[in-house]
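Take a look at the letters that make up each chain.
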Amino acid sequence: MAATIYDIAERADVSTATVSRVLNKPAEVSETTRQRVLDAAQELNYQPHASAQNLARQRTNYIAVVAPVVANYFYMHVMRGIQEVLADREYDLMIHVPSHPEDIEKRLQRATQPGRSDGILLLSTPPNESWAQRIIEVGRPIILLDAHHPDIESIAVDNERGGYKATKHLIDQGYKRIAHITATPEPPPAVQRRIGYERALKKAGREVDDRLIAASEALPFAFSEEGGYRAMKQLLGQRQRPDAVFAASDMQAVGALEAAREAGLSVPGDLAIVGFDDTDISRFAGLTTLRQPAEAMGRRAAESLLRHIQGANPPVSSTVLAPQLIVRDTCGARQQSPNEAGKLADAAAKTASQNGTLTEKQDSSQ
C-alpha cells in the first residue's frame, strides 16, 4: 500500500501535524526536523495526493467556467482564449453547462461550492442580486464575461451599440422593412441587441413593428441555425415580408440564409441579412456582421482572474468593448449580380449543412 503521512510520522518520530507543515508550509519547521521528515518520506517512496495537498494549501488548481452552452462558435472562441492563457499554468478547466437554460443557477451553485475551484468565469449570465451577494460572501474570485453587474468585475461587448450599428447600416442602405431575429427565453445580450435595433429605427423616424420581430425557440440554446431558420420562416410567411433582417447571432443568420434560399429568394438581391459575432462560419458565408473579439475577451478574463487568485485586489471594473461592423456580401453594400447573390446563399446553406446543424427542416417549418 502507498505510504501515508502517518507512516512518515512514525518513521521520523514526529507528529502528523509536523509532517503536514513540512509538506505544505516548510518555513514553519526547523531545518533539522524538516530534513528528517523529508528523508523518511523518500525512504517510504511517499507520493503526496494532489487533491489533498491542494486542499491543505486551500487551492484546487481548477478554474470553473459556467456557460449556457459550449457547442456554439462564439463560446468555442471564448474558450480558446481562456485555454491559451491557462496552457502553461498549473490550472485546469472545470466546465459547468446546464441541460436547460433554467438550470443555470444549479450549475452556478455547484461551481461556488467550497473546494471546487480557485476562481470562476461566468459567461453570458449576469447574476441576480441574491446570487451576486452569495458570490461576494463566498469570496471566490469571479469574472463576468459577456455580462455585467456593478459589484463584480466584468468584460463585455456593447451589445446595444452593436444592434444599433447593424440596424442603422441597413437603414443607410435604403431598406424599408427591417426585421429582427432575437431569442426566447431572451438572454441579456439578445435583449440589449434588440434595444439597439429598436433605437436605430426610432432615431430614423420609424415605428417598431412587433410583427417584424421573431424569436428563435430552439432549445437548449436559441442562438442556433435551427432557431434562425424557424424565425426566418415565420417572417417570410407574412403578407408583407421584410426586405432586410438583423439576426442577433451569426448562427441565426446562417439559418435565415437557408430559409431564404428555400423560399427562392436571393441574398442580398431580395433580402439583406446581417448577423452578430463574426465567427468563422460568417467569413465562409460572406455574412455581414458585428465583430466581437471573443478570443481576446476570453484571454483578458482569464488573465484578470489569475491576478485575483494570486492575491491582487484591484477595484471592481467594467470593461466594455465596441463591436466592429464587418461589411461583406449579405447586406448589399457590395454590388453583386443576381447570379453571384444566389451562389452566396447556396454556399452559406452548404456550409451549414456540412456542420450538421440544420436538421429536420421539413418538420420545423410546419
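Cut-offs and rules
- Residues numbered from 1 in each chain as written.
- Predicted model: local features only at pLDDT ≥ 70, side-chain atom pairs only at ≥ 80, totals over all residues.
- Heavy atoms only, no water.
- Helix = DSSP H or I, 4+ residues; strand = E, 2+ residues; numbered from the N terminus.
- Buried < 20%, exposed > 50% of the residue type's maximum accessible area, 1.4 Å probe, protein only.
- Contact = heavy atoms within 4.5 Å.
- Areas by Shrake-Rupley, 256 points an atom, 1.4 Å probe, with all protein chains shown as cover.
- Phe/Tyr/Trp six-rings, centres within 6.5 Å; stacked < 30°, edge-to-face > 60°.
- Lys NZ or Arg CZ within 6 Å of the ring centre and 35° of its normal.
- Pairing = 2+ DSSP bridges.
- Axes fitted to C-alpha atoms, helices over the stretch in contact; angles between N-to-C directions.
- Parallel < 35°, antiparallel > 145°, perpendicular 65-115°, else oblique.
- Left-handed = near helix turned anticlockwise from the far one by under 90°.
- Nonpolar A, V, L, I, M, F, W, Y, C, P; charged D, E, K, R; others polar.
- Core = buried A, V, L, I, M, F, W, Y, C linked by side-chain atoms within 4.5 Å.

**Q** Hey, could you run me through the overall build of the chain in this one?
**A** Each helix and strand in the chain was counted, giving 15 helices and 12 strands. Expressed as a percentage of the 366 residues in the chain, the buried residues total 49%. In the chain, the proportion of contacts linking residues at least 24 apart, taken out of those at least 6 apart, comes to 73%. Of the roughly 17,800 Å² of accessible surface on the chain, 46% is carried by carbon and sulfur atoms.

**Q** It is not clear to me how the packing of aromatic side chains should be interpreted in this structure. Could you clarify?
**A** For any pair of aromatic rings, the description rests on two quantities: the centre-to-centre distance and the angle between the ring planes. By the definition in use, this model includes 1 aromatic pair. Taken together, a centroid distance of 5.1 Å and an interplanar angle of 70° make the contact between phenylalanine 74 and tyrosine 75 edge-to-face. Each member of the pair, phenylalanine 74 as well as tyrosine 75, carries the same accessibility label: buried. It is arginine 193 that lies over the ring of phenylalanine 276; its NZ or CZ is 3.8 Å from the centre. Directly above the ring of tyrosine 164 sits arginine 199, whose terminal nitrogen or CZ lies 4.2 Å from the centroid.

**Q** Would you explain the pairing of strand β3 (residues 119–123) in this entry?
**A** For a regular strand, side-chain orientation follows a simple rule: the groups alternate between the two sheet faces. For β3, the buried fraction is high: 5 of the 5 residues fall into the buried class. Examined bridge by bridge, strand β1 (residues 62–66) and β3 share 4 bridges and lie parallel to one another. When the bridges of β3 are listed, valine 65 appears paired with leucine 121.

**Q** How should the environment of leucine 44 be read in this particular structure?
**A** Its location among the elements puts leucine 44 in the loop between α3 (31–43) and α4 (50–56). Apart from residues no more than four positions distant in its own chain, leucine 44 is found in contact with Ala3, Asp7, Ile8 and Arg11.

**Q** Mind showing me how you'd approach the packing of helix α5 (residues 73–86) against helix α13 (residues 294–309) here?
**A** In a pair of packed helices, the angle between the axes and the distance between the axes together describe the arrangement. Where α5 meets α13, the axes come as close as 7 Å, and the angle between the chain directions of the two elements is 40°. Accordingly, the angle class assigned to the pair α5 and α13 is oblique. When you trace α5 past α13, the crossing you get is right-handed. Contact residues: Phe74, His77, Val78, Arg80, Gly81, Ile82, Glu84, Val85 and Leu86 in α5; Ala294, Glu295, Met297, Gly298, Arg299, Ala302, Glu303 and Leu306 in α13. Taken together, the residues that form the contact of α5 with α13 break down as 9 nonpolar, 3 polar and 5 charged.

**Q** For this particular structure, what's the right way to read the nonpolar core?
**A** The nonpolar side chains of a soluble globular protein tend to be buried with one another. In terms of nonpolar packing, the biggest core is built from 63 residues, with Leu121, Leu123, Leu170, Ile181, Met232 and Ile273 touching the most fellow members. Sorting elements by how many residues they give to this core places α5 first, with 7 residues. Those residues in contact with leucine 123 that sit more than four places away from it in its chain are Val65, Val66, Ala67, Pro68, Tyr75, Val78 and Leu145. If you look at the next biggest cluster of nonpolar residues, it comprises 14 residues, including Ile104, Leu108, Leu144 and Ala147.

So far we have only geometry, and geometry alone does not tell us how the molecule works.
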